Amino acid sequence: KDLYWSLEKFDFTELQIPRTLKGVLSERVKQFEPDLLYIAQTLSVFNRAVEIGFLQKALPKQPEEFLSGLNSLQKMEILKAEKENATEFYFFTNAQIREVLYEQMEPELKLEMHRTIGLLLEDLYSSNRREHPEELAYHFNNSGDKKKALSYSLLAGRRSKKIYANNEACKFFENALPLLEQKRNHKAESRVYQNLIERSQRMGQFDLAIQKFEEWE
């Protein structure tokens, strides 16, 4: 008897497609109580481990509510705490939890939180802001404060350039370009293009260097 394939009608609507991890996390986040969600969202805006005292400053909550919320999020295995030199830091147990929380935030809330955290960091780094322009640039670029975003992006770009972090320098200079174009500061804009062309050449990205030269022209 000859062998042959037998094709049968199959109802693909009955096929169970495995859910992605992000999908599972998204459903879980939607079940958070409002107070816990706000704490988790605030931490997601930092995009790094945060010292407990500084995190509390970013949250308009009473100490008892704040500590209770952190404890609950740890029990849920959303957050984890570690001590470093007697200082307690909090961070997410999984990077994708942070991504889901951040992506689901309302745009207005993101702007507000980035601005609040940026201003708190300015106060924290008041005596040495030039040593932390990268973090300040990140928050003010996402806060809608164009003036501070431009200032810290340029500082971060120059600082990255000094330590030969060419890729990072390019990112910060790229962030500064549209802000300079809006201000019509052609002299500063030319310097940024020169930096982008030079950094691209140093990284061997000659096509990008040519592209930036053509944009400059």
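Keep in mind it's a predicted model, so treat the numbers as computed, not measured.

The rules we used
Residues numbered from 1 in each chain as written. Predicted model: local features only at pLDDT ≥ 70, side-chain atom pairs only at ≥ 80, totals over all residues. Heavy atoms only, no water. Salt bridge = Lys/Arg side-chain N within 4 Å of Asp/Glu carboxyl O. Helix = DSSP H or I, 4+ residues; strand = E, 2+ residues; numbered from the N terminus. Buried < 20%, exposed > 50% of the residue type's maximum accessible area, 1.4 Å probe, protein only. Phe/Tyr/Trp six-rings, centres within 6.5 Å; stacked < 30°, edge-to-face > 60°. Lys NZ or Arg CZ within 6 Å of the ring centre and 35° of its normal.

*Asks:* For this particular structure, what's the right way to read the pattern of salt bridges?
*Replies:* The final tally for this structure, using the stated rule, is 13 salt bridges. One salt bridge connects Glu-135 with Arg-48, and the closest N-O pair in it is separated by 2.5 Å. Of this pair, Glu-135 sits in helix 7 (residues 133-141) while Arg-48 sits in the loop between helix 2 (34-46) and strand 1 (50-51); the two residues are 87 residues apart in sequence, bridging distant segments of the chain. Across the salt bridge formed by Arg-159 and Glu-134, the nearest N and O atoms sit 2.7 Å from each other. Residue Arg-159 is found in helix 8 (residues 146-162), and its partner Glu-134 is found in helix 7; the two are separated by 25 residues along the sequence. Owing to a relative accessible area of 28%, Arg-159 belongs among the partly exposed residues under this scheme. Bridged by salt links that share partners, the residues Lys-22, Glu-99 and Glu-103 form one connected network.

*Asks:* Just checking my understanding: could you explain the packing of aromatic side chains for this structure?
*Replies:* Geometry of an aromatic ring pair is reported as the spacing of the ring centres plus the angle between the planes. Scanning the model with the defined rule gives 3 aromatic pairs in all. Taken together, a centroid distance of 5.8 Å and an interplanar angle of 75 degrees make the contact between Phe-46 and Phe-54 edge-to-face. The same class applies to Phe-46 as to Phe-54, namely buried. Judged by centre distance (5.8 Å) and plane angle (15 degrees), the rings of Phe-140 and Tyr-152 are stacked. In this pair, Phe-140 sits in helix 7 while Tyr-152 sits in helix 8, placing the two residues 12 residues apart along the sequence. By the burial criterion, Phe-140 is buried, and Tyr-152 matches it. For the cation-ring pair, Lys-110 lies above Tyr-102, with the distance from its terminal atom to the ring centre recorded as 4.2 Å. A cation over a ring is seen here: Lys-148 above Phe-140, with NZ or CZ 5.6 Å from the ring centre.

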